[in-house]
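# Tertiary structure, described
Now for the letters of each chain:
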Amino acid sequence: MGKPLFETALRELEERKDDIRPSDIVLFSEPLRSALNTVIRLGRFSLTEFTETLPFSREEVKRLADLLIQRNLFELSRFATEAEPYYQARLSAMTRPLKRPPSDIWKKIDD
Amino acid sequence: MSKIISVHSFRGGTGKSNTTANIAALLAMDGARVCVVDTDINSPGIHVLFNLDETEMAHSLNDYLWGQCSIEEAAHDVTGHVGGEIKGQIFLIPSSIKPGEIARILREGYDVGLLNDGFRDVVDKLKLDYLLIDTHPGLNEETLLSIAISNALVIIMRPDSQDYQGTAVTVDVAKKLDVPKMLILVNKTPSSLDPNDVKTRVEQTYDAKVGAVLPHSDEMMSLASSGIFSIHFPDHAVTKGLRSLVDQIKS
C-alpha cells in the first residue's frame, strides 16, 4: 500500500530541479506534504522522527531525506551520527532575482 | 514552550497591524515575553502603534536581511513605550521606513530563508514566549514561510465580499500547511449585523473557528494608531473580543 505513495513522493521530489520553496510545499501530495509540514515546524529532527511521519520504511524515508538535502530544504545537522542522522529543515526562496549589483542609488534616494 | 503566531489578512486595511500590537500587549500584560516582527517590508507601520520613532531605530529587519546586524540587534524593547501595566516584555523588530531602503529591498529582494533563521534565533536569544509575525497582505513566499513555521495563525477579515473571497484562499492554503491552530478574526463589523450570525456564517463558510467578531469602533478611529487600543480602552467591547482571542491563542 505504501509503495505507490512512496513512488509518487519520490517522483515529486525528483521532478523538482530547483530548491524547494514555501509555495512548493502546498502543492505536494499526501502524505509528503503533511510530513514536511510537521518537520518544518520542528526545525531540527532525526531520521527516526521523520520516518514516524510517513508510512514508508526507514530506508525509503532516508532516500527522500537525501533528495531533500539536494533540494536545499534539509541540511544535515551537526548532531548527526552514522546511526542516527539529524536534519534541519530550512525553507528558503529569493523574493526577487538579483539581476545587478547594488549601486549607490539607494543612498542618493535617502539623501 | 514558545509559540510562533502569524497574523495575516488577504487584503489591506483590515486592522492587521493594530490587532497584532494589541495581541502583543495583552500577552505581555499577562507576563509573557513577546516579540513582534514587522515583515510588511513594502508598507511598514506597526512601529507607530508602539511609539517607536525612526530616530530610535538603530537597526531594522532590513539591516538583518542585508547581513548588517544580528536579528536580536534589530529588536527594540518597546515595553516602556506602550503605557499600561505590562508585567512581561515587548520587543519590536521594525521594518525600515526609509524610502531608499524600502526601494532597495523591493528591487533586490532577499532570501526568505533568512527570515526562517531569524525567527528561530530571536525566539532563543530573547527567550520569548511568543513571536508575533505581522505579515504582508496577500500571499507570497514570505507569508507562506511564516504560516508554514507558525504554531497558530490569526486571519483577519472584514464582513465584506472581497474579504470573504480572499480569506477563502488564505484558509485553504493554511489548511494545506497544517497550521495547528487557526483563528479567524472578523473585524470592523457594522452595528447593523448580529455578531453571532456573522460568527456562524463565517464558521460555516470556511469550516474554521472564529476567534472573535469585533465591532466597528469610532474610538479606534479616533485613536488613529497613536497607541494601543486595549491599553487606552481596557473595558471596550473591542478589547474584550481581543482578550477572548488571546485566551484562545494561549490555550
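Residues numbered from 1 in each chain as written. Chains lettered and ligands numbered in written order. Predicted model: local features only at pLDDT ≥ 70, side-chain atom pairs only at ≥ 80, totals over all residues. Heavy atoms only, no water.

## Regarding the overall build of chain B
Test applied: The way it works is that DSSP assigns letters per residue, a run of H or I at least four long becomes a helix, a run of E at least two long becomes a strand, and they are numbered from the N terminus. Radius of gyration: C-alpha atoms only; globule rule: 2.2 Å multiplied by the number of residues to the exponent 0.38. Think of it in three bands: with a 1.4 Å probe and only protein chains considered, a residue is buried below 20% of the maximum accessible area for its type, exposed above 50%, and partly exposed in between. In what follows, a contact means two residues having at least one pair of non-hydrogen atoms within 4.5 Å. Using a 1.4 Å probe, accessible areas were evaluated by the Shrake-Rupley method; residue-level cover was limited to the displayed protein chains. The charge count treats Lys and Arg as positive and Asp and Glu as negative. His and the chain ends do not count. For this purpose, a charge sits on NZ of Lys, CZ of Arg, CG of Asp or CD of Glu.
Along chain B, the regular secondary structure elements total 11 helices and 8 strands. Here the C-alpha radius of gyration of chain B, 17 Å, is about what a compact globule of 251 residues would show, namely 18 Å. Over its C-alpha atoms, taken along the principal directions, chain B stretches across nearly 50 × 40 × 35 Å. Within chain B, the fraction of its 251 residues that count as buried is 59%. Look at the contacts in chain B between residues 6 or more apart in sequence, and 78% of them connect residues 24 or more apart. Summing over all exposed atoms, chain B offers an accessible surface of approximately 9,500 Å²; the carbon and sulfur share of this is 49%. Averaging the locations of the 22 positively and 33 negatively charged side chains of chain B gives two centres separated by 5 Å.

## Quick word on the pattern of salt bridges
Residue and element names in this part refer to chain B. The line we're drawing: The working definition used for a salt bridge is a side-chain nitrogen of Lys or Arg within 4 Å of a carboxyl oxygen of Asp or Glu.
Counted according to the given criterion, the structure contains 20 salt bridges over all chains. Arg 11 is the partner of Asp 160 in a salt bridge, and the nearest nitrogen-oxygen pair spans 3.9 Å. In this pair, Asp 160 is assigned in the loop between strand S6 (152–157) and helix H7 (161–176) and Arg 11 in the loop between strand S1 (3–8) and helix H1 (16–29), connecting sequence segments 149 residues apart. Here Asp 40 and Lys 16 are joined by a salt bridge, their closest N and O atoms 3.9 Å apart. Here Asp 40, found in the loop between strand S2 (33–38) and helix H2 (46–49), pairs with Lys 16, found in helix H1; they are 24 residues apart in sequence, far enough to count as distant. Judged by relative accessible area, Asp 40 falls into the buried class, the value being 6%.

## Looking at helix H5 (residues 58–70) of chain A
Residue and element names in this part refer to chain A. What counts here: By this rule, a helix spans an expected 1.5 Å times one less than how many residues it contains. Comment: arc refers to directions from the helix axis out to C-beta atoms.
Given a rise of 1.5 Å per residue, 13 residues ought to cover 18 Å, and the 18 Å separating the end C-alpha atoms of H5 matches this to within 8%. Every buried residue belonging to H5 is among Glu 60, Val 61, Leu 64, Ala 65, Leu 67 and Leu 68, and all of these are buried. Summarising the axial view, the buried residues of H5 lie within an arc of 160 degrees, below the 170-degree limit, and thus occupy one face. Opposite the packed face of H5, turned more than 90 degrees from it, sit the exposed residues Glu 59 and Gln 70. Asn 72 sits one or two residues past H5 and shows a positive phi near 60 degrees.

## Focus on the pairing of S1 of chain B
Residues and elements named next belong to chain B. Rules: Should DSSP find at least two bridges between two strands, the strands are regarded as paired.
Here S1 lies mainly inside the structure; 5 of its 6 residues are buried. As paired strands, S1 and strand S5 (residues 130–134) are joined by 5 bridges and run parallel to one another. By the bridge assignment, Ile 5 is partnered in S5 with Leu 132. Summarising the sheet, S1 and S6 pair through 4 bridges and their orientation is parallel. Of the residues in S6, the one forming a bridge with Val 7 is Val 154.

## Observations concerning the sheet that holds strand S2 (residues 74–76) of chain A
For sheets, the rule is that strands pair by backbone hydrogen bonds, running either parallel or antiparallel. All names here are of chain A. In plain terms, the rule: A fitted line through C-alpha atoms serves as each axis, taken over the contacting stretch for helices, and the angle formed by two N-to-C directions is quoted from 0 to 180°.
One open sheet holds the 3 strands; their spatial order is S1-S3-S2, and the pairing between them is antiparallel. With one partner strand each, in any of the chains shown, strand S1 (44–46) and S2 form the two edges of the open sheet. In this sheet, neighbouring strand axes are inclined to one another by 35 degrees on average, regardless of whether the strands run parallel or antiparallel. Pairing between S1 and strand S3 (residues 86–89): 3 bridges, direction antiparallel. Across the sheet, residue Phe 45 finds its bridge partner in S3, namely Tyr 87. Packing against the sheet, helix H3 (residues 32–42) makes contact with S1, S2 and S3, and its axis sits at approximately 120 degrees to S1.

## Overview of the environment of Arg 33 of chain A
The cut-off we apply is this: N or O atoms within 3.5 Å of each other form a polar contact, as long as, within protein, one can give a hydrogen and the other can take it, and as long as residues adjacent in sequence are counted only when both atoms are side-chain atoms.
Its place among the elements puts Arg 33 of chain A in helix H3. The exposure class of Arg 33 of chain A is buried, given its relative accessible area of 14%. Remark: the alpha-carbon pair of Arg 33 of chain A and Glu 12 of chain A, spanning 21 residues in sequence, is separated by 11 Å. Not counting chain neighbours up to four residues away, the residues in contact with Arg 33 of chain A comprise Ile 25, Val 26 and Phe 28 of chain A together with Lys 176 and Asp 178 of chain B. Among the polar contacts listed, one links the side chain of Arg 33 of chain A to the backbone oxygen of Lys 176 of chain B, at a separation of 3.2 Å.

## Here's the deal with helix H8 (residues 195–206) of chain B
Residue and element names in this part refer to chain B. Here H8 is 12 residues long and its end C-alpha atoms lie 17 Å apart, about the 16 Å a rise of 1.5 Å per residue gives. What H8 keeps buried is the set Val 198, Val 202 and Tyr 206. Take H8 and look down its axis: the buried residues cluster within an arc of 40 degrees, on one side only. Turned more than 90 degrees away from the buried face of H8, the exposed residues are Asn 196 and Gln 204.

## So, the confidence of the model for chain A
Let me state the cut-off plainly: The quantity called pLDDT is the predictor's confidence in a given residue, expressed from 0 to 100.
Per-residue confidence for chain A gives a mean pLDDT of 88; residues scoring 70 or more make up 84%. Looking at the elements of chain A, mean pLDDT is at its lowest for helix H6 (residues 105–110) of chain A, recorded as 61, and at its highest for helix H4 (residues 47–52) of chain A, recorded as 98.

## Some thoughts on the interface of chain B and chain A
You'll often see interface size given as the accessible area lost when the parts meet. To keep things clear, this is the line we draw: By buried area we mean the combined loss of accessible area, with a 1.4 Å probe, across both parts when two parts are placed together.
The interface of chain B with chain A comprises 32 residues on the first partner and 25 residues on the second. For the chain B face of the interface with chain A, the top three residues by lost area are Arg 107, Glu 108 and Glu 141 of chain B, together amounting to 24%. Counting across the chain B and chain A interface gives 2 salt bridges. Linking chain B to chain A there are 18 residue pairs in polar contact (both at pLDDT 80 or more). Here the side of chain B that touches chain A takes 8 residues from helix H4 (residues 99–108) of chain B, the largest share from any one element.

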